[in-house]
Amino acid sequence: MAKRIFRLVVCFAAILVIGIGVQQGKASASSADSIIKIYLNTNELDTKTPAKIKNGTTFVPVRAVFESLGMKVVWEPKKQLLTVKDSERTITLIVGEKAAKINGKTVALEAPAENIDGALQVPLHFVGDATGAIVYWDPYVAEVSILTMKFMKDNNINKAELDKQVKEYLAAKAKEEAAKKKEDTKPNVTKKPKTPVDLNKINGMYAGFRSDFGGYECGGMCWDMYTFLPNKKVLIGPPANGGPETIDCKKEKCLSYSINKGQLKLSNGKTMPIKKTKNGFLEINSIALTKVEPVPKGTTFNNTYTFMGYSGLIGVTPTANSWTYKLTLHKNGTFELSGISIGSLAANSNPSTHTGHSGKDEKGKYRIQNNTITMTGSDGKVHKALFFIHDSDVDDIQVGLRNYYVN
């Protein structure tokens with residue numbers, strides 16, 4: 001599943017701020033009760049009240065949005081009057097009225113401003129009308145995006161072209177979704193893990209992915225990994241020398257943990273929400289995680305795998321870049337690698353600074369045991385990394401923090 005999602009992310013990297021990556025278990029985007037995230041340029045806004053869909057109109061909380069835009073918000077409850085100001089404009093509106101004023105000029109509203117979930121909210125499009133920003137609602141991932149004029153100027157982005165790309169993306173997604181509904185005649189099957197997680201006896205490695213909007217943290221897709229060990233120990237992230245069977249807490253940064261009232265408390269002082277989903281999956285920090293299973297003995301690999309990554313808004317941000325690595329695993333136990341060196345095959349450092357690129361191909365031998373791949377280059381150098389298969393599909397593999405798949 002991860003490979004299909006990431007291909008979609010890369011295809012539309014030019015407008016990644018809309019949050020194309022789809023997380024497992026996300027609420028239906030069309031529901032008025034959905035949790036809708038708000039992105040200002042490339043950053044998610046931390047709002048107490050989420051955006052809402054009501055009677056077909058997307059509403060966003062006034063104070064959270066306009067104050068994030070550097071504007072002063074004044075609310076006069078007796079008059080039900082809202083005033084928003086900055087050095088360039090003064091915006092006024094009265095709750096319940098379908099019009100507002102921007103620098104004295106009357107502007108029609110898609111719907112009147114109203115109090116929703118304890119916060120004054122206005123139609124999303126009004127934010128664009130009032131500030132010149134490009135605004136849009138992505139129903140496919142339940143996210144609102146606001147791209148400011150300053151952001152476009154700082155990144156030398158043409159507003160008309162970016163607006164065109166957004167519309168093309170949404171049109172393409174609508175067409176894709178319509179095709180899926182037409183072709184999918186099979187009944188829905190609820191996915192369940194082989195063994196439902198038991199929070200009282202949790203053990204082994206669990207992994208799940210989340211979107212990396214803009215590609216600045218992980219190159220487009222981040223993998224969260226937790227290996228729960230005996231004596232209430234946990235290792236967060238991939239092991240240093242291969243699969244979970246190689247973990248040595250005397251050498252690696254294992255943490256003590258406890259689980260109480262839905263919280264995973266770590267010995268480093270951090271706390272994360274943890275739960276067992278209705279389907280039996282483990283969920284930490286709202287990311288659904290799947291248990292990593294050992295590679296079955298006798299499994300044969302005979303494919304060329306691709307890993308794609310990016311940094312920045314491809315085709316939009318001048319400093320953006322993307323890369324593709326190829327890894328071929330032959331059934332005779334030999335490999336070929338292009339784009340990076342064997343030592344950085346599974347690395348996941350900042351894409352703008354990592355130095356793992358290689359101008360020439362590498363060859364050698366590999367061996368897979370449990371969840372460890374051992375690769376020996378033609379120069380005799382040996383490198384070990386975490387290795388597992390996604391959904392029992394040998395066309396979709398994980399090497400360290402990177403997802404490689406047959407393109």
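The model shown is predicted, which means the values in this text are computed figures rather than measured ones.

Things to note about the overall build of the protein chain
Within the protein chain, the secondary structure is distributed over 5 helices and 29 strands. Relative to its full complement of 407 residues, the protein chain shows a buried share of 47%. Put simply, 53% of the contacts in the protein chain that link residues at least 6 apart link residues at least 24 apart.

Examining the side chain of E252
With respect to the helices, strands and loops of the structure, E252 is situated in the loop between β16 (233–236) and β17 (255–260). Look at E252: it is buried, it has no salt bridge, and the nearest opposite charge is K251 at 8.8 Å.

Concerning the confidence of the model for the protein chain
Mean pLDDT over the protein chain works out to 83, with 83% of the residues at or above the 70 mark. For the protein chain, per-element mean pLDDT is lowest for helix α1 (residues 2–11), which scores 43, and highest for β16, which scores 97. When the criterion is pLDDT under 50, residues 3–34 qualifies, and its contacts beyond four places in sequence or with other chains add up to 98 contacts. Contacts of residues 314–318 to residues separated by more than four positions or lying in other chains number 13 contacts, the stretch itself having pLDDT below 50.

Thoughts on the sheet that holds strand β14 (residues 204–211)
The strands that make up a sheet pair up through hydrogen bonds in the backbone, lying either parallel or antiparallel. Pairing within the closed barrel is antiparallel, and its 8 strands lie in the order β14-β15-β16-β17-β18-β19-β20-β21. With direction set aside, neighbouring strand axes in the sheet form an average angle of 35 degrees. Where strand β15 (residues 221–229) lies against β16, 4 bridges are found, and the strand directions are antiparallel. Each bridged residue has a counterpart across the sheet, and for T227 the counterpart in β16 is L235.

Observations regarding the sheet that holds strand β8 (residues 99–102)
Strand order across the open sheet formed by 5 strands is β5-β6-β7-β8-β9, with antiparallel pairing between neighbours. Across the chains shown, the open sheet's two edge strands, defined by having one partner strand only, are β5 (72–76) and β9 (105–108). Averaged over neighbouring strand pairs, the angle between their axes works out to 20 degrees when direction is ignored. The pairing of strand β7 (residues 90–94) with β8 spans 3 bridges and is classified as antiparallel.

Digging into the packing of aromatic side chains
Applying the stated rule across the entire model yields 6 aromatic pairs. When the centroid spacing of 5.5 Å and the interplanar angle of 40 degrees are considered together, the rings of F307 and Y404 count as tilted. With F307 in strand β22 (residues 303–311) and Y404 in strand β29 (residues 402–405), the pair connects residues that are 97 residues apart, well separated along the chain. Judged by its relative accessible area of 8%, F307 is buried. Classification of Y404 as buried rests on a relative accessible area of 0%. Here the aromatic cluster, defined as three or more aromatic residues joined through ring pairs, consists of Y206, F228 and Y257.

A short note on the pairing of strand β27 (residues 382–390)
Looking at chain direction, strand β26 (residues 372–377) and β27 are connected through 5 bridges and run antiparallel. Opposite T372, over in β27, you have L386 as the bridge partner. Where β26 folds back on β27, the antiparallel hairpin that results is connected by 4 residues, among which G380 adopts a positive phi of roughly 90 degrees. As paired elements, β27 and strand β28 (residues 393–399) share 4 bridges and run antiparallel to each other. Residue pairing across strands places F388 opposite Q398, the latter belonging to β28. Counting the residues that bridge the hairpin from β27 to β28 gives 2 residues, and of these D391 lies at a positive phi of roughly 50 degrees.

Regarding helix α3 (residues 124–131)
Residues that lie three or four places apart on an α-helix share one face, since the helix turns once every 3.6 residues. A large share of α3 lies buried, amounting to 6 of its 8 residues. When we look at burial in α3, the residues that qualify are L124, F126, V127, G128, A130 and T131. Trailing α3 by a residue or two, G132 shows a phi angle of about 85 degrees, which is positive.

Remarks on unusual backbone geometry
Most of the time, phi is negative for any residue but glycine, and the peptide bond is trans. Phi at N231 is positive, roughly 65 degrees, even though this residue is not glycine. Here N231 lies in the loop between β15 and β16. Given the relative accessible area of 71%, N231 is considered exposed. Positive phi, normally seen in glycine, also occurs at D391, with a value near 50 degrees. Topologically, D391 is positioned in the loop between β27 and β28.

Observations concerning the nonpolar core
Taken as a class, soluble globular proteins show a tendency for nonpolar side chains to be buried jointly. V60, F66, V122, F126, V144 and I146 are the most contacted members of the largest nonpolar core, which has 33 residues in total. A per-element tally of this core places α3 first, with 4 residues. Residues in contact with F126, not counting those within four places in the same chain, are F66, I91, L93, A100, I102 and L109. If you look at the next biggest cluster of nonpolar residues, it comprises 23 residues, including L327, L345, F387 and V399.

Considerations on the pattern of salt bridges
Tallied over the entire structure, the rule returns 10 salt bridges. The closest approach of N and O atoms between E114 and K54, which form a salt bridge, is 2.8 Å. Taken together, the residues span a long stretch of sequence, with E114 in strand β10 (residues 114–116) and K54 in strand β3 (residues 52–54) at a distance of 60 residues. Assessed through its relative accessible area of 23%, E114 is described here as partly exposed.

Criteria and cut-off values
Residues numbered from 1 in each chain as written. Predicted model: local features only at pLDDT ≥ 70, side-chain atom pairs only at ≥ 80, totals over all residues. Heavy atoms only, no water. Helix = DSSP H or I, 4+ residues; strand = E, 2+ residues; numbered from the N terminus. Buried < 20%, exposed > 50% of the residue type's maximum accessible area, 1.4 Å probe, protein only. Contact = heavy atoms within 4.5 Å. Lys, Arg positive; Asp, Glu negative; His and termini not counted. Salt bridge = Lys/Arg side-chain N within 4 Å of Asp/Glu carboxyl O. pLDDT = per-residue confidence, 0-100. Pairing = 2+ DSSP bridges. Axes fitted to C-alpha atoms, helices over the stretch in contact; angles between N-to-C directions. Phe/Tyr/Trp six-rings, centres within 6.5 Å; stacked < 30°, edge-to-face > 60°. Core = buried A, V, L, I, M, F, W, Y, C linked by side-chain atoms within 4.5 Å.

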